[in-house]
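Tertiary structure, described
This is what each chain is made of:
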Amino acid sequence: MNALEEQVILVDVCDRKIGIAEKLQAHRDGLLHRAFSIFVLNSQGQLLLQKRAAHKYHSGGLWTNTCCSHPRPDELVLDAAHRRLQEEMGFDCELQELFSFVYQAKLDNELTEYEFDHVLVGYCDRNPLLNPEEAEDWQWIDLKTLQVDIQQHPQNYTYWLRDCCDRFIAELR
Ligand SMILES: C=C(C)CCOP(=O)(O)OP(=O)(O)O
Ligand SMILES: [Mg+2]
Ligand SMILES: [Mn+2]
């Protein structure tokens, strides 16, 4: 299925389901919906970053965490996360939820992200096999190096990674 033809789960600020919407409509109208952000670390503690494909509906060409997407109606967050990690990055690994947060941001292409975002962590030493529809580059990066680079070059990173990176690192400990 074309990723833009998907539907997303509309929620309230407590993540209770209140409906469904077309993915593009939810992002045009800035409707709060359920999402997840996966952070995969290797055994050296480095984070796998994904560079979003230039043609993504928003935030194209920006560096971000390993994988992000939205559960489909009637799909559990964890099931969607395993599905999407395989689709975007060509591998899967054990995942567990670390925390969640709500954020709202006006992005490019007149789109708004307003998400209840579940942050999941996984551990894997394999390099990804990118799906070119989704990602155009990847790298393993030390967490300290990432924090410094986000401060120095925020324009290279997605809004949501900038928003939750420090908390992700704090919650790991
Ligand atoms: C979940 C977050 C933080 C943003 C949405 O991810 P994507 O924009 O990559 O969603 P898909 O196109 O992969 O569904
Ligand atoms: Mg994605
Ligand atoms: Mn979204």
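Calculation rules
Residues numbered from 1 in each chain as written. Chains lettered and ligands numbered in written order. Predicted model: local features only at pLDDT ≥ 70, side-chain atom pairs only at ≥ 80, totals over all residues. Heavy atoms only, no water. Helix = DSSP H or I, 4+ residues; strand = E, 2+ residues; numbered from the N terminus. Rg over C-alpha atoms; globule rule 2.2 N^0.38 Å. Buried < 20%, exposed > 50% of the residue type's maximum accessible area, 1.4 Å probe, protein only. Contact = heavy atoms within 4.5 Å. Areas by Shrake-Rupley, 256 points an atom, 1.4 Å probe, with all protein chains shown as cover. Lys, Arg positive; Asp, Glu negative; His and termini not counted. Charge placed at Lys NZ, Arg CZ, Asp CG, Glu CD.

So, on to the overall build of the protein. Scanning the protein for helices and strands turns up 4 helices and 9 strands. Tracing the protein from N to C terminus, the helices and strands come up as β-β-α-β-β-β-β-α-β-β-β-α-α. For the protein, whose C-alpha radius of gyration is 15 Å, the value lies close to the compact-globule estimate of 16 Å for 173 residues. Considered along the principal axes of its C-alpha atoms, the protein spans approximately 40 × 30 × 30 Å. With 173 residues in all, the protein has 53% of them scored as buried. Here the analysis covers contacts within the protein between residues at least 6 apart in sequence; of these, 63% occur between residues at least 24 apart. Just so you have it, the protein exposes about 8,400 Å², and 46% of that area is on carbon and sulfur atoms. Within the protein, the 29 negative side-chain charges are centred at a point lying 2 Å from the centre of the 17 positive side-chain charges.

Moving on, we get to the environment of E88. Structurally, E88 can be placed in helix 2 (residues 77-89). E88 sits in the buried class, given a relative accessible area of 3%. Through-space distance from the C-alpha of E88 to that of E171 is 25 Å; in sequence the pair is 83 residues apart.

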